[in-house]
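Structural characterization, general
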Amino acid sequence: ADYLQHAVTPLEDRKVGLVTAVVMASGAKDLWSGFHALLVNGNIGSVFSLLYQAGILDMGYGPSIAMRREVLEEIGGLQALGSYVGEDIHFGKLVKKAGYRVCLQSQIVKVYKEYSSWPKQHDLVLRWLIVVERQSRIFTAVIPVSFAIQMTILNLILFRNGTALLLLGIAL
């Protein structure tokens, strides 16, 4: 009930057409799931928050999307999504194009995913990056900056003696 309250309350503002959420990956039980959690928690959430604060968030995020039925019908219903991969992103685009705002709900949503191997993790991230790059130029432009800042901070924490090392955005 608490989740639904957070998801639908912003829709009381008739200018809001879609509500999405920052997600937190949780429950990693292996190395690859841990890497996925680092990507989700470190990059996606911070970028969504930044774009929202700047007033330019134009996409939904799959684990949590809410909208009023009349907005869904106005943008062409589920049929408007056609065969899109990354329909959550496309939802946000259609809602913005119709003149509505995309809003973040006030509650972080936990997601649980397990990846037992590097190929599964790699395939997911690659597919996600391709979809985002094709549908949200703003999000794609901000991700590398966010990642570089986070890796710098991680390096400063890991190498406390001041010999922080940043090489191609990978903490060594």
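For the structure itself, consult the block above.
So, how was this worked out
- Residues numbered from 1 in each chain as written.
- Predicted model: local features only at pLDDT ≥ 70, side-chain atom pairs only at ≥ 80, totals over all residues.
- Heavy atoms only, no water.
- Buried < 20%, exposed > 50% of the residue type's maximum accessible area, 1.4 Å probe, protein only.
- Helix = DSSP H or I, 4+ residues; strand = E, 2+ residues; numbered from the N terminus.
- Pairing = 2+ DSSP bridges.
- Core = buried A, V, L, I, M, F, W, Y, C linked by side-chain atoms within 4.5 Å.
- Polar contact = N/O pair within 3.5 Å; in protein donor to acceptor, adjacent residues only side chain to side chain.
- Contact = heavy atoms within 4.5 Å.

A closer look at helix 4 (residues 87-97)
- Among the residues making up helix 4, those that are buried are Asp88, Ile89, His90, Phe91, Gly92, Leu94 and Val95.
- Looking one or two residues beyond helix 4, the residue adopting positive phi is Gly99, at roughly 100 degrees.

Remarks on the pairing of strand 1 (residues 16-20)
- Within strand 1, five of the five residues are buried, which leaves the element mostly enclosed by the surrounding structure.
- The pairing of strand 1 with strand 4 (residues 101-104) spans four bridges and is parallel. Residue pairing in the sheet places Val16 in a bridge with Arg101 of strand 4.
- Summarising the sheet, strand 1 and strand 3 (residues 65-66) pair through two bridges and their orientation is antiparallel. Within the sheet, the bridge partner assigned to Thr20 lies in strand 3 and is Ile65.

Quick look at the nonpolar core
- The biggest cluster of nonpolar side chains holds 28 residues, and the ones touching the most others in it are Val23, Val40, Ile44, Phe48, Leu57, Tyr61 and Val95.
- For this core, the secondary structure elements donating two or more residues are strand 2 (23-25), helix 2 (31-53), helix 4, strand 4, strand 5 (109-111) and helix 5 (118-135).
- When residues in this core are grouped by element, the largest group, six residues, is from helix 2.
- One finds Leu11, Val19, Ala66 and Cys103 within the second-largest nonpolar core, a separate group that totals six residues.

A closer look at the side chain of Thr20
- By the element assignment, Thr20 lies in strand 1.
- Taking relative accessible area as the criterion, Thr20 reaches 0% and is therefore assigned buried.
- Within polar-contact distance, the side chain of Thr20 engages the backbone nitrogen of Tyr61 at 2.8 Å.
- Non-local contacts of Thr20, meaning those with residues more than four positions away in its chain, are made with Phe48, Leu57, Met59, Gly60, Tyr61, Ser64, Ile65, Val102, Cys103, Leu104 and Gln105.

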